[in-house]
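Descriptive structure summary
Residue-level listing of the chains:
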Amino acid sequence: MQSGPNRSVVITGLGCVTPLGNSVLEFWNALLGGRSGAGPVKSFDSSCYRTHVWCEVKDFTPHVQRTRGRAAQLAMAAGKEALLSAGIEPESEGLMLGVSIGTTMGEANFLDRLTDTSHDPVAAPWAEVLTHSAYSITSDVAEGLGIEGPQASLPAACSAGNYAVGLALDWIRQGQSDLVLAGGAEAFSESAFAGFNRLSAMSPDRCRPFDRDRQGLLLGEGAALMLLESEDHARRRGAQILARVLGYGLSCDAHHITGPHPEGNGAAACMRNALNDSHADAMDVGYLCCHGTGTQQNDRIEAMAIHKVFGEGARRLPVSSIKALTGHMMGAASAAEGIACVLALRDGVLPPTCNHENLDPECPLDVIPNQPRELRVRLILNNSYAFGGNNACVAFGAWPGVAQK
Amino acid sequence: MRAWISAMGVVFPGGKGRQAFARAIVRGESLAKASRLRPEILAAEMEENLKPLVERRGLAVLSRGAILAAAAIEDLAAAEPWLLEEQVRAECALVVGTAFGHIASRAEFHQDARRNGARWVSPILFPNTIINSLAGHAAILFGLSGPNSTVTSGRRSGLEAVIRAATLLTAGRAPRVIVLGCDEVSQTSLRGLDSLREGAWDAPELAIPPGEAAGALLLEAAGPPPARSIGRLLGAAERSSVRKGVSRAVEEAMRAALADAGVTANEITHLSLSGRYGGGIGQAEAEAALAVFGGKTPRMCLQQVLGETFGAQGVLAIAAELAVRNEAASEFSPAAHWPEGPFLVSSAETTGATCAVVSV
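The rules we used
- For every chain, the first residue of the written sequence is number 1, and numbering continues from 1 along that sequence.
- Chains and ligands are labelled sequentially in the order written, the chains with letters from A and the ligands with numbers from 1.
- The predicted origin of the model limits local features to residues at a pLDDT of at least 70 and limits the giving and counting of side-chain atom pairs to 80 or more, whereas totals for whole chains, interfaces and linings rest on all residues.
- Just so you know, side-chain values use all the structure's heavy atoms and leave hydrogens and water out.
- Runs of H or I in DSSP of at least four residues are treated as helices and runs of E of at least two as strands, each being numbered from the N terminus.
- Here the globule rule reads 2.2 Å times residues to the power 0.38, and the radius of gyration is calculated from C-alpha atoms.
- Buried, partly exposed and exposed residues are distinguished by accessible area as a fraction of the type maximum, computed with a 1.4 Å probe on protein chains only: under 20%, between the cut-offs, and over 50%, respectively.
- In what follows, a contact means two residues having at least one pair of non-hydrogen atoms within 4.5 Å.
- Throughout, the Shrake-Rupley method with a 1.4 Å probe supplies accessible areas, and for residues the shown protein chains are the sole cover considered.
- Domain borders in the structure are assigned automatically or taken from a domain database.
- The term buried area refers to how much accessible surface (probe radius 1.4 Å) is lost by two components on association, counted for both of them together.
- A carboxyl oxygen of Asp or Glu within 4 Å of a side-chain nitrogen of Lys or Arg is what we treat as a salt bridge.
- Two N or O atoms form a polar contact when they lie within 3.5 Å of each other; inside protein one atom must be a possible hydrogen donor and the other a possible acceptor, and for residues adjacent in sequence the pair counts only when both atoms belong to side chains.
- The rule for pairing is simple: two strands pair if DSSP sees at least two bridges between them.
- To define axes, lines are fitted to C-alpha atoms, for helices over the stretch in contact only, and angles between the resulting N-to-C directions are given on a 0 to 180 degree scale.
- Each angle receives one of four descriptions, namely roughly parallel if under 35 degrees, roughly antiparallel if over 145, roughly perpendicular if within 65 to 115, and oblique otherwise.
- A crossing counts as left-handed when the near helix is turned anticlockwise from the far one by less than a right angle, and as right-handed when that turn is clockwise.
- By the convention adopted, Pro, Cys, Tyr, Trp, Phe, Met, Ile, Leu, Val and Ala count as nonpolar, Lys, Arg, Asp and Glu as charged, and the other residues, Gly among them, as polar.

1. Digging into the overall build of chain B
Looking only at helices and strands, one finds eleven helices and 13 strands in chain B. A compact globule built from 360 residues should have a C-alpha radius of gyration of about 21 Å, and chain B, at 19 Å, falls within 12% of that. Taking the principal axes of its C-alpha atoms as reference, chain B extends roughly 60 × 50 × 45 Å. Split into buried and exposed, the 360 residues of chain B put 65% on the buried side. Contacts spanning at least 24 positions in sequence make up 78% of the contacts within chain B whose residues lie at least 6 apart. Total accessible area on chain B is roughly 12300 Å²; 51% of this is exposed by carbon and sulfur atoms.

Take a look at the structure:
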């Protein structure tokens, strides 16, 4: 197997289950059509909370046995779609296929049951809590799809999807794998709903990234996985290539466990690291898919970081946040946004920031408002930030001749 | 997959620091005693109050696991104070391996929600319910601004962290990485283990007490040796048990790690196995070791001293070997008989196995 820092890595398959739809096609059509995945909480009684809206995966039928957690079930469905779209049969002889999945809360539905039973130590699902830790999402997907190569579970909170894609890139570059199914998975968690409510980070109605009147984020759930493959392997088997993965960057704020660095140092550093890893310059970037949670602090600091990296060019760089429609899918968020980046490169159309009415003067950016923008670009950055100060940014590049429009 | 190991830090129920750790390992006596959480069982636990172990402010909001992690890093940095100079720590990465690092905090959060109502659950408790909070808190305490990552794969977590750190170094994403293995004993983990054991804690065949500890290793990029080094990662490998079972996964991981290191099974002077908790997993690991190394290579199991430390095991196993070998030249006479030459550390789980070959 070839290896080296310059080994070209491409994307040949995509799969997702999201509040906007349970396939890549439904997801992309909803993003471009401005159809929101938000709705009232139905999974539990939200009357005791300040907010009552979130973004749920709908009409999802698991393909796997019930004992697996919901996050694994979502990831399994996304993984199947990605492999099918890439024309990969995981159990093929000699296939060096790995799997790398990020998450924030792990299999939260088992953990959430502690709330109901913590008064009764015997009844509490202690064994399930241990055996359905975050790593069970990856191992369940590997087992369910018959993936024998390297496995990784990356609990990097809301940057986890980008972390997983980044590790996949390194695995392929370093010759540890030819193909890696990489992304994120998150099942809805009442713990997260309670926690973000108490942090006053949740919007009572809509998510409005970069808007002057934004009130916070909406939580969501889902899974998004993409198949990364070495270009030489993809060419050998005649795969349809959708885009390149050019590089990624990581950094840590080392400042506050939930809040970003006040000057956006870490956020800027990870964008610069991604550009360096891609051997690219800020001038090469044609679109930036923002973390854009819709909280006051996140959007303001992210805008500041973008200005640090792009200088005056920041005002002309098209940016958007799809979280206005998907909600914040936490561990799956940046992976779903990565899929949007790949499709934007493929189709020459940039997804909008919906619910956007008045640009916050503290976020002086070219926020694509409400309607998609037709623009063919060559390089896209995908930002993600997380609790723990975990910042990750992935750079995607266009694949010549892949245009669908 | 190669890297220099230039420093280590450790906190464990027998104390803090390389020398105390080496003595405990060579002595080989179990540190388990009646659990402070459940006196009817044996556990290798630290003191209830861990804060005196860390001479830093800001510990009030940290979970027990995060304080353990901070104590191990502080021990490491005490030996290598240059590590915390501004320019160095700004580039230093941190990779944490933990199996259950957030479980107790999650249970605490739920109990608080039940006590005060979900609407009034403490917002301070929430961040610790997220698995990467150990790494995040450690980065804040020590100002580590390089890549910050958490991995979790049960008992394989510690060695997986070593491999991910080596990957970061090979990719040039950081000049040095602190690798941390850490897990705590909590009511939640004890109850979970109780359920999994399907039997009494004092049953002889299951008499492996849970343990808590944290180990930290400083890895630096392969190439010219750093100013000081205590060991060298020669190779590593991980193999999944999907479709092949645990025993074959361990055997393949051992053989692949040897191949990656460029050494033969005969050159390995010592094996450190992850042990027998989990019933068939330990047996599968022993069978694999027999198939690869025969019966003559001396072996140890950290469980004998520290109990089952889960996500900390792999890092602690490397630290144990390095501590003993690096202390042997001093006044530490019992260690004189410790084998020299490269050693192999194995971590087995239901999901597969991870192995590393290290030399001094």
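2. Observations concerning the domain arrangement of chain A
All names here are of chain A. As assigned here, chain A comprises domain 1 (9-236) and domain 2 (244-398). Averaged C-alpha coordinates put domain 1 and domain 2 at centres separated by 20 Å. Each side of the interface is counted separately: domain 1 has 71 residues, and domain 2 has 69 residues. Overall, the association of domain 1 and domain 2 removes approximately 5200 Å² of surface from exposure, summing both partners, and the carbon and sulfur fraction of that is 65%. On the domain 1 side of the contact with domain 2, N162, F210 and R214 bury the most area, a combined 17% of that side's loss. Summed over the shared surface of domain 1 and domain 2, the number is five salt bridges. A salt bridge links D360 to R214; the shortest N-O distance between them is 2.7 Å. Run the count over domain 1 and domain 2 and you get 33 residue pairs in polar contact (both at pLDDT 80 or more). At the level of elements, β1 (9-17), α1 (24-33), α6 (160-173), β6 (179-186), α7 (190-198) and β7 (222-230) are the ones that each hand at least two residues to the side of domain 1 that touches domain 2. No other element matches the ten residues that α6 contributes to the side of domain 1 that touches domain 2.

3. Considering the pattern of salt bridges
Applying the stated criterion to the full structure yields 39 salt bridges over all chains. Across the salt bridge formed by A:R212 and A:D213, the nearest N and O atoms sit 3.6 Å from each other. In this structure A:D213 comes out as partly exposed when scored by relative accessible area, which is 38%. The salt bridge partner of B:E212 is B:R36, with a shortest N-O separation of 3.8 Å. Of this pair, B:E212 sits in the loop between α7 (187-197) and β8 (213-221) while B:R36 sits in the loop between β3 (33-34) and β4 (42-43), and the two are 176 residues apart along the sequence. Taking the relative accessible area as the measure of exposure, B:E212 reaches 0% and is therefore buried. According to the relative accessible area criterion, B:R36 is partly exposed, its value standing at 33%.

4. Here we look at the sheet that holds strand β9 (residues 287-289) of chain A
Residue and element names in this part refer to chain A. If you walk across this open sheet you meet the eleven strands as β5-β4-β6-β7-β1-β8-β15-β14-β9-β10-β12, and the pairing is mixed. Lying at the two open borders of the sheet, with one neighbouring strand each, are β5 (151-154) and β12 (366-367). Two elements, β9 and strand β14 (residues 379-384), share three bridges in a ladder whose sense is parallel. Across the sheet, residue Y287 finds its bridge partner in β14, namely I380.

5. Description of the interface of chain B and chain A
Listed per partner, the contact involves 60 residues of chain B and 65 residues of chain A. Considering only the surface of chain B that becomes buried against chain A, B:F126, B:R173 and B:R243 emerge as the three largest contributors, covering 12% of it. On inspection of chain B and its partner chain A, the count reaches four salt bridges. Linking A:E148 and B:K244 is a salt bridge whose minimum nitrogen-to-oxygen distance equals 3.9 Å. At the surface where chain B touches chain A, the tally comes to 17 residue pairs in polar contact (both at pLDDT 80 or more). Listed by contribution, the elements that provide at least two residues to the side of chain B that touches chain A are α4 (103-116), α5 (133-142), β6 (148-151), α6 (157-170), α7 and β9 (231-240) of chain B.

6. A look at the packing of helix α8 (residues 246-261) of chain B against helix α9 (residues 280-293) of chain B
Residues and elements named next belong to chain B. The N-to-C vectors of α8 and α9 enclose an angle of 45 degrees; their axes lie 8 Å apart at closest approach. Comparing the axis directions of α8 and α9 gives the class oblique. The handedness of the crossing between α8 and α9 comes out as right-handed. Between α8 and α9, the residues in contact are V246, S247, V250, E251, M254, R255 and L258 and I281, A284, E285, E287, A288, A289, A291, V292 and F293, respectively. Of the residues assigned to the contact of α8 with α9, the class counts are eleven nonpolar, one polar and four charged.

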